[in-house]
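# What the coordinates show
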Amino acid sequence: FEGRAGPVLHAGERHPGVTLTEGNSYVLFGEPRTLDAPAITTVLDPELPPWLTAELSDFTPKLLSLYADRLGPRGGDKPTVMVSWAGPTPGIQSLGGSVLPGLVVMRLEGEVVAKVNPIIRSSARWLIAHETAHFWVGQTVRYGSPAEAWITEGGAELLAIRAASELDPKFDSRTELQARLDECLKLARKGPISSAGRTVPRCTSSSPSARAATHSTAPTAGSHTVDATASRATDSLPEPSRAFELG
C-alpha cells in the first residue's frame, strides 16, 4: 500500500509504503490528527468535537501507560486507537468500539455526544479501557477455546474498572464491581460458567452509569456498542441474592 499524498500509517507509525501478509491489520491514508505517545498512537478524526478530542488525547496515553506499568510489555507492534466521528445526528447517542490485534477503532455519533457530558465521558473512558485491555488479556495472553472466552471478557471488565478508578478519583468502582457481581449471579442461574462458551453467544453487559452494551466474544476481535441513555439490560429473572455483596 502506498499513498499518493505521502506516507501511510500502519502499526502506529508512518511508512512510505506497507506490505501486508495477514488480514487482521489496517493501513490509514491521508493526514489525520495523530498523537504519538510511548505506549500508544491515537488517531483522531479532525471533525471530532473539541471536548472529546481533549478528553481522549489526555486519557488514552495515561491509560496505556498505566496498563504497561502494571501488566508489563504487550506482544506485537505499538498499538493504535483510531476514533472516527459520524456527526451530531439528532436523536442518536452512540459510542461503538471494536478491537483487532494492536488496534482499537471507535465510532462516535450524536447531538448529545457533541456536547460536554459527564455520562458520555464516563462511557468513552470505560469503552476504551475495556477494549485496550484486550491488548494484554486476549492478545498477549489468549484463551485456549471458546469456552474460556469469559476469562478474557471478565478480565477486561476488571482491568477497565480498576484503571478508571486509578485515573479518576470520582469513579465509583465499588458500585461498578457490585453491578458485575449481580449480573454474574443472574446469569449463573442459567448454568455454570463453563457452559457459556458452547454457543459463543453475544453477551449483554453493563458499562458505567447504567448503560447497555453488547460485545462479541470472538478470540481476536470484538465490538461494543454503547447506548449512553439505555437502562441496564434485564431479563425475567428475579433480583439476585445479595449474599455475595462486596464487603
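Going by the structure above, here's the rest.
Overview of the structure. In this numbering scheme, every chain counts its residues from 1 along its sequence in written order. Where totals are concerned, whole chains, interfaces and linings use all residues; where local detail is concerned, this predicted model gives features only for residues with pLDDT of at least 70, and gives and counts side-chain atom pairs only at 80 or more. No hydrogens and no water enter the side-chain calculation; it runs on all heavy atoms of the structure.

Let us look at the nonpolar core. Ranked by internal contacts, the top residues of the largest apolar core, which has 35 residues, are Leu-48, Leu-63, Tyr-67, Val-83, Met-106 and Leu-108. A run of H or I in DSSP becomes a helix once it reaches four residues, and a run of E becomes a strand once it reaches two; helices and strands are each numbered from the N terminus. Counting residues per element, the ones that place at least two in this core are α1 (50–71), β5 (80–85), β6 (94–100), β7 (103–109), α2 (118–133) and α3 (149–167). In terms of residue count, α1 provides more of this core than any other element does, eight residues in total. Ignoring any residue separated from it by four or fewer positions in sequence, one finds Tyr-67 in contact with Gly-72, Ala-129, Thr-132, Ala-133, Trp-136, Leu-159, Ala-160 and Ala-163. To define a nonpolar core, start from buried Ala, Val, Leu, Ile, Met, Phe, Trp, Tyr and Cys residues and group those joined through side-chain atoms within 4.5 Å. The classification of residues rests on relative accessible area computed with a 1.4 Å probe and restricted to protein chains. Under 20% of the type maximum is buried, over 50% is exposed, and intermediate values are partly exposed. If you look at the next biggest cluster of nonpolar residues, it comprises five residues, including Leu-9, Leu-28, Met-82 and Leu-103. Contact definition: two residues touch when any of their heavy atoms are within 4.5 Å.

Another aspect to go through is α1. Take the residue count of a helix, subtract one, and multiply by 1.5 Å to get its expected span. Here α1 is 22 residues long and its end C-alpha atoms lie 32 Å apart, about the 32 Å a rise of 1.5 Å per residue gives. Of all the positions in α1, only Trp-51, Leu-52, Thr-53, Glu-55, Leu-56, Phe-59, Thr-60, Pro-61, Leu-63, Leu-64, Leu-66 and Tyr-67 are classed as buried. Check the buried side of α1 and you find it contacts β3 (33–36), β4 (41–44), β5, β7, α2 and α3. Downstream of α1 by one or two residues, Gly-72 has phi in the positive range, about 90°.

What follows deals with a nonpolar patch on the surface. Patch building starts from residues that exceed 30% relative accessible area and form no salt bridge, then joins like charges within 9 Å and nonpolar side chains (Val, Leu, Ile, Met, Phe, Trp, Tyr) within 5 Å. We get accessible surface area from the Shrake-Rupley algorithm with a probe of 1.4 Å; when it comes to residues, only the shown protein chains can shield them. The term salt bridge refers to a pairing of a side-chain nitrogen on Lys or Arg with a carboxyl oxygen on Asp or Glu at a separation within 4 Å. On the surface, a cluster of nonpolar side chains totalling about 300 Å² of accessible area is made up of Trp-150, Ile-151 and Ile-193. Checked against the element boundaries, Ile-151 lands in helix α3.

For the rest of this paragraph, the subject is the packing of aromatic side chains. Aromatic rings from Phe, Tyr and Trp, with only the six-membered ring used for Trp, were paired whenever their centres fell within 6.5 Å, and each pair was classed as stacked if the ring planes differed by under 30 degrees, edge-to-face if by over 60, and tilted otherwise. If you walk through the whole model with that rule in mind, you get one aromatic pair. Summarising the aromatic geometry, the rings of Tyr-67 and Trp-136 are spaced 5.6 Å apart at their centres and angled 65° between planes, so their arrangement reads as edge-to-face. Here the residue Tyr-67 occupies a position in helix α1, and Trp-136 occupies one in the loop between α2 and α3, the gap between them amounting to 69 residues. Neither residue differs from the other here; Tyr-67 and Trp-136 are each classed as buried. By definition here, charges over rings are those cases where NZ of Lys or CZ of Arg is within 6 Å of the ring centre and within 35 degrees of the ring normal. The cationic tip of Arg-74 hangs over the ring face of Phe-135; the distance from NZ or CZ to the ring centre is 5.1 Å.

Among the seven residues of β7, five are classified as buried, and the element is accordingly described as predominantly covered. As judged from the six bridges shared by β5 and β7, these two strands associate in the parallel manner. From the neighbouring strand, Val-81 faces β7, where its bridge partner is Val-104. Bridge count for β6 against β7 is seven bridges, and the pairing is antiparallel. When the sheet's bridge partners are listed, Ser-94 is paired in β7 with Glu-109. One bridge is not enough; two strands pair if DSSP finds at least two bridges between them. Between the antiparallel neighbours β6 and β7 lie two residues, among them Gly-102 with a positive phi of about 75°.

Quick look at the side chain of Glu-157 now. Position of Glu-157 relative to the elements: it lies in helix α3. We classify Glu-157 as buried; its relative accessible area is 11%. Polar contact is the term for a pair of N or O atoms within 3.5 Å; when the atoms are in protein, one must be able to donate a hydrogen and the other to accept it, and sequence-neighboring residues count only if both atoms are side-chain atoms. Side-chain polar atoms of Glu-157 contact the side chain of His-130, separated by 2.9 Å.

Looking now at helix α4 (residues 173–188). Spanning 16 residues, α4 covers 22 Å between terminal C-alpha atoms, matching the ideal 22 Å at 1.5 Å per step. Regarding α4, the residues found buried are Ser-173, Glu-176, Leu-177, Gln-178, Ala-179, Arg-180, Asp-182, Glu-183 and Lys-186.

Turning to the pairing of β5, a few remarks are in order. Taking burial as the measure, the six residues of β5 include five buried ones, the bulk of the element. Sheet analysis places β4 next to β5, joined by four bridges and oriented parallel. By the bridge assignment for β5, Thr-41 is matched with Thr-80. In the classification by handedness, the crossover that spans β4, the intervening α1 and the parallel β5 is left-handed. Viewed with both strands pointing away, a crossover whose connecting path from the first strand over the helix to the second turns clockwise is right-handed.

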